[in-house]
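# Fold and geometry: a report
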Amino acid sequence: MARTIAVSGSGSGIGKALAGMLRDAGDTVIGIDLRDAEVCADLAGPEGRSRAVAETLDLSGGTLDGVVACAGVSEFTVLPVKVNYFGAVALLDGLRPALARAGAPRAAVVGSISGTHPVDDAVVRACLDGDEAAALEAAGKAVEAGAGNRTYSSSKAALAQWVRCACVTPEWAGEGIPLNAIAPGVVRTPMSEPLFADEAMFKVMNEAVPMPLNGYAGAGVIAEALRWLISPVNTHMTGQIIYVDGGAEPTLRGPGVF
Ligand SMILES: NC(=O)c1ccc[n+]([C@@H]2O[C@H](COP(=O)([O-])OP(=O)(O)OC[C@H]3O[C@@H](n4cnc5c(N)ncnc54)[C@H](O)[C@@H]3O)[C@@H](O)[C@H]2O)c1
């Protein structure tokens, strides 16, 4: 049966691959992105987030079978905290009532193997407290201290923890909505292009994200995993951070984490 799915970051990389797959299968996709999407909105700030939710609700008629938060940025500034955490959470929270009206609703986010890397604890804590001003202040201090890479890892670690907290609440589990994350390793998309173009960054990336199984993934690999998570067959998996990373996570964390 055709479903209606909202996908943020639908204009590029993983989100674009997922939107294409869903459309090819006959689903209606409401893409949300900065440009070239059914809903053009900037998820970095409150106004854009509210508009994204309102316009998606309008286009869907108030009922959604799935929501996937793919939009993200990886730069070493405070922006990942705004987009990857607060943008994703605002979208999911705002669209959750529309999911609750569907017969077999599903939600997913795109995390990252980076969520297992060192983080800035103050950023993660403020994110989970829902205090964006404090999170941005802490992220700004990390950038000034030369630890700008931690804004990305912190945004993804916080997002993973938010998924695990929210998934079992009455609003999500109680409404029959599985909520999970796919955490990729390195994926060949426009986001990762600069890492391949710079020899020093390439070396750091390979050390930080070792991928013994089949190397770097294509966007379609991650999209397939997301597609399963939001399909009606996923009736009982929730709160899981699924590493689709060529073995990076077991390499880095070892056998004691499961
Ligand atoms: N590419 C990788 O190696 C990799 C690895 C791990 C996780 N991820 C995550 O996967 C997700 C998708 O990344 P990708 O590789 O497809 O990147 P991408 O750059 O190809 O696509 C990201 C999309 O998000 C959109 N976006 C960015 N900021 C936005 C904003 N403020 N408001 C609305 N839309 C915005 C962009 O316009 C773009 O279309 C991201 O959350 C990213 O953190 C990527």
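Everything that follows concerns the structure shown earlier in this document.
No experiment lies behind these values; they were computed from the predicted model shown.

What counts and what doesn't
Residues numbered from 1 in each chain as written. Predicted model: local features only at pLDDT ≥ 70, side-chain atom pairs only at ≥ 80, totals over all residues. Heavy atoms only, no water. Helix = DSSP H or I, 4+ residues; strand = E, 2+ residues; numbered from the N terminus. Rg over C-alpha atoms; globule rule 2.2 N^0.38 Å. Buried < 20%, exposed > 50% of the residue type's maximum accessible area, 1.4 Å probe, protein only. Contact = heavy atoms within 4.5 Å. Lys, Arg positive; Asp, Glu negative; His and termini not counted. Charge placed at Lys NZ, Arg CZ, Asp CG, Glu CD. Near = heavy atom within 4 Å. Polar contact = N/O pair within 3.5 Å; in protein donor to acceptor, adjacent residues only side chain to side chain. Areas by Shrake-Rupley, 256 points an atom, 1.4 Å probe, with all protein chains shown as cover. 1 Å grid on protein atoms, 1.4 Å probe; cavity = no way out; pocket = protein on both sides within 12 Å on 5 of 7 lines; lining within 4 Å. Sits in = over half its atoms within 2 Å of the grid points. Core = buried A, V, L, I, M, F, W, Y, C linked by side-chain atoms within 4.5 Å. Pairing = 2+ DSSP bridges. Right-handed = clockwise from strand over helix to strand, strands pointing away.

### Regarding the overall build of the protein
Within the protein, the secondary structure is distributed over ten helices and nine strands. Computed over the C-alpha atoms, the radius of gyration of the protein is 17 Å, within 12% of the 18 Å expected from 2.2 N^0.38 for a compact globule of 258 residues. By its C-alpha atoms, the protein is 50 × 40 × 40 Å across when sized along the principal axes. Counting only residues that meet the buried cut, the protein has 52% of its 258 residues in that class. Long-range pairs, those at least 24 residues apart, make up 75% of the contacts in the protein with a sequence separation of at least 6. Between the averaged position of the 19 positive side-chain charges in the protein and that of its 28 negative side-chain charges there is a distance of 3 Å.

### Topic: the site of the ligand
Taken together, 29 residues lie near the ligand, and Ser 12, Asp 33, Asp 42, Tyr 152 and Thr 189 sit nearest. In this structure, an oxygen atom belonging to the ligand sits 2.6 Å away from a side-chain N or O atom of Asp 33. A distance of 2.7 Å separates a nitrogen atom of the ligand from a polar atom in the side chain of Asp 42. Taken by itself the ligand offers 830 Å² of open surface, and the protein chains cover 92% of this. Judged by the proximity of its atoms to the pocket grid, the ligand belongs to the largest pocket. Going through the elements one at a time, helix H1 (13–24) and helix H6 (149–166) are the ones with two or more residues in the shell around the ligand.

### Considering the nonpolar core
If you look at the biggest cluster of nonpolar residues, it comprises 45 residues, and the most contacted ones within it are Leu 64, Tyr 85, Leu 92, Cys 127, Trp 162, Trp 172 and Leu 179. With ten residues, the single largest contributor to this core is helix H3 (residues 79–100). Residues contacting Cys 127, with those up to four places away along its chain left out, are Val 81, Tyr 85, Phe 86, Ala 135 and Ala 158. Judged by nonpolar contacts, the second largest core, of 22 residues, contains Val 68, Ile 222, Ala 223 and Ala 225.

### Regarding the pairing of strand S5 (residues 106–110)
Most of S5 sits inside the fold, with five of its five residues counted as buried. The side-chain alternation of S5 yields two buried faces, one formed by Arg 106, Ala 108 and Val 110 and the other by Ala 107 and Val 109. Pairing of strand S4 (residues 66–69) with S5, which is carried by four bridges, proceeds in the parallel orientation. Looking at S5, one finds that Val 68 is bridged to Ala 108. In the classification by handedness, the crossover that spans S4, the intervening H3 and the parallel S5 is right-handed. Bridge count for S5 against strand S6 (residues 179–184) is four bridges, and the pairing is parallel. Residue pairing across strands places Val 110 opposite Ile 182, the latter belonging to S6.

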